[in-house]
Amino acid sequence: AALPMDPRTAAFENRPYTIKAGDFRLLVQPSLALEYNDNVSTSNGDPEEDLIIRPLVQFDASYPITANNLLRINVGVGYDQYLENTDLSTWRLNSGSAIAFDMVIKDFTINIHDRFEYVRDSARRGDVANTAEQGNLENTAGLQIDWALGDVILTAGYDHQNSISTVEQYEYQDRASEIISLRAGMQLHPQLVAGVESPLSFNSYDLPVLNDSTSYGGGVYANWTPGTRLSVRPRFGYTVYDFRQTSDFILAEDKDSWYADLTVRHQVRDAISYALSAGHELRLGVQSDLVDVWYVRPSLTWNITSRISLTPSFSYESGSQGGSTIVGVREENYDYYSGGLHVSGSITEKLRLSLGYRLTVRTSDGVNRDYTQNQVSLTCTYSMQ
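Residues numbered from 1 in each chain as written. Predicted model: local features only at pLDDT ≥ 70, side-chain atom pairs only at ≥ 80, totals over all residues. Heavy atoms only, no water.

J.: Break down the overall build of the chain for me, citing the residues and quoting the values.
T.: For the chain, the count of helices and strands is one helix and 20 strands. Taking 2.2 N^0.38 as the reference for a compact globule, 385 residues should give roughly 21 Å; the C-alpha atoms of the chain span a radius of gyration of 22 Å, in line with that estimate. By principal-axis analysis of the C-alpha atoms, the chain measures approximately 70 × 50 × 35 Å. Counting the 385 residues in the chain, one finds 41% classified as buried. Considering only contacts within the chain whose residues lie at least 6 apart along the sequence, 54% involve residues at least 24 apart. When the accessible area of the chain is evaluated, it comes to approximately 19,600 Å², of which 59% is carbon and sulfur surface. (Helix = DSSP H or I, 4+ residues; strand = E, 2+ residues; numbered from the N terminus. Rg over C-alpha atoms; globule rule 2.2 N^0.38 Å. Buried < 20%, exposed > 50% of the residue type's maximum accessible area, 1.4 Å probe, protein only. Contact = heavy atoms within 4.5 Å. Areas by Shrake-Rupley, 256 points an atom, 1.4 Å probe, with all protein chains shown as cover.)

J.: Break down a negative patch on the surface for me, citing the residues and quoting the values.
T.: Together, E253, D254, D256 and E331 make up a negatively charged patch on the protein surface. Along the chain, D256 turns up in strand β14 (residues 255-267). Overall, D256 belongs to the partly exposed group, its relative accessible area being 42%. (Patch = residues over 30% accessible without salt bridge, like charges linked within 9 Å, V, L, I, M, F, W, Y side chains within 5 Å. Salt bridge = Lys/Arg side-chain N within 4 Å of Asp/Glu carboxyl O. Lys, Arg positive; Asp, Glu negative; His and termini not counted. Charge placed at Lys NZ, Arg CZ, Asp CG, Glu CD.)

J.: I'd like a rundown of the nonpolar core, residues and numbers included.
T.: Judged by nonpolar contacts, V167, Y170, Y172, Y205, V209, L210, Y241, F243, I250, L282, L284 and L290 together constitute the single largest core of 12 residues. Of all elements in the fold, only β13 (230-243) and β15 (272-284) reach the threshold of two or more residues within this core. (Core = buried A, V, L, I, M, F, W, Y, C linked by side-chain atoms within 4.5 Å.)

J.: Please give an account of the side chain of S163 that cites residues and values.
T.: Structurally, S163 is set in strand β9 (residues 152-165). Separated by 3.2 Å, the side chains of S163 and N136 make a polar contact. (Polar contact = N/O pair within 3.5 Å; in protein donor to acceptor, adjacent residues only side chain to side chain.)

J.: I'd like a description of the pattern of salt bridges, backed by residues and values.
T.: Under the criterion given, the structure shown has 17 salt bridges. When the shortest N-O distance is used, the salt bridge between E317 and R283 registers 2.9 Å. Pair noted here: E317 is in strand β17 (residues 308-324) and R283 is in strand β15, with a separation of 34 residues, a long-range link. Comparing E317 with R283 shows no difference in burial state: the two are buried.

J.: Quick rundown of the environment of S62? Include the residues and the values.
T.: Residue position: S62 is located in strand β3 (residues 50-64). Considered as a pair, S62 and F101 are 39 residues apart in the sequence and their alpha carbons are 9.7 Å apart.

J.: A description of the layout of surface pockets should follow, citing residues and the corresponding values.
T.: Volume-wise, the second largest pocket comes out at about 1,500 Å³. Along its surface, the second largest pocket is lined by 46 residues, and R92, N94, H342, S377 and T379 are the ones closest to its centre. When contributions to the lining of the second largest pocket are tallied by element, the ones reaching two or more residues are β2 (24-37), β3, β16 (290-303), β17, β18 (330-346), β19 (351-364) and β20 (371-382). Within the lining of the second largest pocket, the residues separate by chemical class into 12 nonpolar, 24 polar and 10 charged. (1 Å grid on protein atoms, 1.4 Å probe; cavity = no way out; pocket = protein on both sides within 12 Å on 5 of 7 lines; lining within 4 Å. Points joined across faces, edges and corners; volume = space filled by probe spheres on them. Nonpolar A, V, L, I, M, F, W, Y, C, P; charged D, E, K, R; others polar.)

J.: Describe unusual backbone geometry, naming the residues involved and giving the relevant values.
T.: If you check the backbone angles, K106 has positive phi at about 55° while not being a glycine. Mapping K106 onto the fold places it in the loop between β6 (98-105) and β7 (108-117). Not every positive phi belongs to a glycine, and N368 is a case in point at roughly 55°. With respect to the element layout, N368 can be found in the loop between β19 and β20.

J.: So what's going on with a nonpolar patch on the surface? Residues and values would help.
T.: Together, L32, L34, Y36, L51, I53, L83, L355, Y357, L359, V376 and L378 make up an exposed nonpolar region whose accessible area comes to about 890 Å². Listing elements by their share of the nonpolar patch, those giving two or more residues are β2, β3, β19 and β20. Within the secondary structure layout, V376 lies in strand β20.

J.: A description of the packing of aromatic side chains should follow, citing residues and the corresponding values.
T.: In total, this model carries seven aromatic pairs according to the counting rule given. Summarising the aromatic geometry, the rings of Y241 and F243 are spaced 6.0 Å apart at their centres and angled 20° between planes, so their arrangement reads as stacked. For Y241, a relative accessible area of 8% gives the class buried. Residue classification places F243 among the buried positions, given a relative accessible area of 10%. With centroids separated by 5.3 Å and ring planes inclined at 75°, the aromatic side chains of W258 and W294 adopt a geometry described as edge-to-face. Remark: W294 occurs in strand β16 and W258 occurs in strand β14; sequence separation between them is 36 residues. On the basis of relative accessibility, which here comes to 31%, the residue W258 falls in the partly exposed class. (Phe/Tyr/Trp six-rings, centres within 6.5 Å; stacked < 30°, edge-to-face > 60°.)

J.: So what about the environment of R233? Which residues, and what values?
T.: With respect to the helices and strands, R233 occurs in strand β13. On the accessibility criterion, R233 (45% relative accessible area) is partly exposed. Spatially, the C-alpha atom of R233 lies 5.6 Å from that of A222, the residues being 11 residues apart in sequence. Once residues within four sequence positions are removed from consideration, R233 is found in contact with A222, N223, D261, L262 and T263. Reaching out from R233, the side chain makes a polar contact with the side chain of N223 at a distance of 3.4 Å.

J.: An account of the pairing of β14 is requested, with residue identities and associated values reported.
T.: Relative to β14, β13 runs antiparallel, the two sharing 12 bridges. Among the inter-strand pairings, L230 is bridged to a residue of β14, identified as H266. As defined by bridge partners, β14 adjoins β15 across eight bridges and the pair is classed as antiparallel. The partner of Q267 across the bridge, within β15, is S273. Counting the residues in the hairpin turn of β14 and β15 gives four residues. (Pairing = 2+ DSSP bridges.)

As structure tokens, this is what we get:
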């Protein structure tokens, strides 16, 4: 008898496509966006405005090699053309671009992946100010193995990550990281999995500006799904960063702290859903060795009609970086707010228009490290199906 098809494979089988050859499906979605930005340099003193044209093509492909083994390719490739500050014009790889292969072998589920992105947008990071060119090419390749042992699930993951600057000024940010993650969870209830986790990473920079480090820690996590419409995922633990004195500019200082995250996704009704992520973490900086961050990121999607959707979003981050940074700021404390609203509507079955607005405000106790940025965008997307 034929084996039942994996749910992920079945979902891709039902997706629209532009090209179909046997079991291979490819959907092509070109888009064109026009954006106005009143402060492309995230500057406090002399903001520069610009109009940006963003053509992009999204490729979404899938190929079920067997009933339980699926190859997926999702890549968005585009170009950002600045009309005033033409030296800022650059190509882009959309966040979420990836090649992945899923396979099931008895009790093992194996995911092999390569995820990559390059988007130059200084206002996406709360710890950055006074630049228009922050944005690294990041490539993360690795695998994750889940082993189901009855009510116990063991997970091991390994990733090699490269972060590469495409601007000579920021080559000091180029680094390689080895990331290891271990988890052991137990099915305590049909709707609840809980367990322990232990992350580990090794971070090494090409130039002696930022300090190399090793981070490790451990904690607990849970995944509660009381039905198909709601998922709640808390994490809590402790992490340690040990820094080695490899920088010629920044004094290496070890840091340790607790981490926590609560992620909630809820499909309230067929037309309304929301998501919330909130927590505290230590993370690698780009203008300092480390950033200590509190964050909250709620979002809402409301399908007003079958053709029109409304998506408000908000992000708040309170961070501290230092003892010292490469821009001469010592122990900077900042608050970062980013809020937006997107309205999207289908003009035809294949053509969709969206209008978006984003406001970013950064306040800081560092000199000239505050800024306000307004962005307005109009995007036209065509689905070739």
